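Breakdown of the fold
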Amino acid sequence: MSQNGAGTLIKTKPRCERNRVLVTGGAGFVGSHLCDYLVARGDHVICLDNFFTGSKENIAHLIGKPNFEVIRHDVVEPILLEVDQIFHCACPASPIHYKYNPIKTAKTSFLGTMNMLGLAKRCKARFLITSTSEVYGDPLEHPQRETYWGNVNPIGERSCYDEGKRVAETLTMDYYREHNLQVRIVRIFNTYGPRMALDDGRVVSNFVSQALTNKPITVYGDGQQTRSFQYVSDLVKGLVTVMDGPEIGPFNIGNPGEFTMLELANLVKEVVNPKAVIEYRENTADDPKCRKPDITKVKTTLGWEPVVPLREGLERMVDDFKKRLGVE
Ligand code: NAD
Ligand code: UDP
């Protein structure tokens, strides 16, 4: 038994019965929500992070719980632990963060994934890689199915991330084929929600912060490019469903609702601040023109589908952003 912040008693399983789960990148946006879910489920959670883009604030509420611990470590270096499952989320995900030090991003994706696969092999743990819709590049198939091999520029500014994740998937499959490791591959589509870093430059966090602080909403290019946005709680359920399910994947995990960036800007105006103005800015290199997941595979094999529509998800993240931005 232990007490949570609200003073309520929580039943925790005896140590020997707990699933020991490693969440790399556990102090990041997605990783911290995943840690919340796993800790509440009664697993023994080890959050491993180098705090490059993650923060202690994201996991502060978990510190002190008997089934949660944190390790400051960089996945580029090997580590010895005893675990049953590994959710490998460690990697900067926003374009400005992964372009900041592209060689480190590529090392994190390649060496980091290889080290975590090595750990999984030694422990006979099940390993899940959080890959990305970016493996489809600027897609020539729309919507994207898992069978599509993608259209990625191997020498562009986004390649450290896109190709990094592609090689991470390759390594994952090679550990499965060569060492019979239990592996799972998830291709995550654009995800948003509370705890996104305020400075990460991703479109939803940018637009919500800008609308809340009465700054112009910055639409890049002509705003006609599309993305499909999933709320973070849907993603967490998807990750756990795939990890605990019987199939390797790859599985697309995303919300098929597709929006142009201009539509998103107008929706943020409606939900957050109708007075906000929209300003156009030059777009970045190699920006994919469209992106929308075909989720038939995960829906039919595992029964997962997202439930939070974009408008509702935006409403849910506003309070957290207001608090962190210090606005009413
Ligand atoms: P994030 O930047 O918030 O979290 C990444 C975490 O990994 C951070 O806590 C960071 O400090 C940590 N990290 C980075 N490099 C590390 C290293 N070398 N060693 C140890 N820790 C390291 O990003 P996120 O949105 O939470 O993304 C989590 C994972 O999901 C990433 O692997 C990302 O590629 C994948 N993903 C996310 C999205 C999305 O829309 N959020 C979309 C596709 C894929
Ligand atoms: N974008 C935008 N304004 C911003 C930030 C991003 O219009 O302030 C656009 C960006 O050009 C891209 C889309 O939003 O077309 C999604 O960008 P993000 O960085 O969130 O994710 P990714 O490109 O990795 O899908």
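Rules behind the numbers
- Residues numbered from 1 in each chain as written.
- Chains lettered and ligands numbered in written order.
- Predicted model: local features only at pLDDT ≥ 70, side-chain atom pairs only at ≥ 80, totals over all residues.
- Heavy atoms only, no water.
- UniProt positions renumbered as here; feature names shortened; annotations may be inferred.
- Near = heavy atom within 4 Å.
- Polar contact = N/O pair within 3.5 Å; in protein donor to acceptor, adjacent residues only side chain to side chain.
- Helix = DSSP H or I, 4+ residues; strand = E, 2+ residues; numbered from the N terminus.
- Nonpolar A, V, L, I, M, F, W, Y, C, P; charged D, E, K, R; others polar.
- Buried < 20%, exposed > 50% of the residue type's maximum accessible area, 1.4 Å probe, protein only.
- Phe/Tyr/Trp six-rings, centres within 6.5 Å; stacked < 30°, edge-to-face > 60°.
- Lys NZ or Arg CZ within 6 Å of the ring centre and 35° of its normal.

The name that an unreviewed UniProt entry assigns to the protein chain is UDP-glucuronate decarboxylase, with the source organism given as Chlamydomonas reinhardtii. In its Subcellular location (unreviewed entry) section, UniProt records this for the protein chain: "Golgi apparatus, Golgi stack membrane".

Turning our attention to the site of ligand 2. In the vicinity of ligand 2 lie 18 residues, with V203, N206, T218, R227 and D287 positioned nearest. One of the side-chain N or O atoms of E134 is found 3.0 Å from an oxygen atom in ligand 2. Here Y220 contributes a backbone N or O atom positioned 2.8 Å from an oxygen atom of ligand 2. Those elements that place two or more of their residues in the shell around ligand 2 are α5 (203-212) and β10 (217-220). Within the shell around ligand 2, the residues separate by chemical class into six nonpolar, six polar and six charged.

Glancing now at the environment of T147. The topology assignment puts T147 in the loop between β7 (126-132) and α4 (159-179). With a relative accessible area of 59%, T147 lands in the exposed category. Remark: the alpha-carbon pair of T147 and P250, spanning 103 residues in sequence, is separated by 8.9 Å.

A complete count under the given rule lists five aromatic pairs for this structure. What links up through ring pairs into an aromatic cluster is the set Y136, Y148 and F189. Positioned above the aromatic ring of F51, the side-chain terminus of K56 is 5.9 Å from the ring centre. Positioned above the aromatic ring of F251 is the side chain of K297, whose terminal nitrogen or guanidinium carbon lies 5.3 Å from the ring centre.

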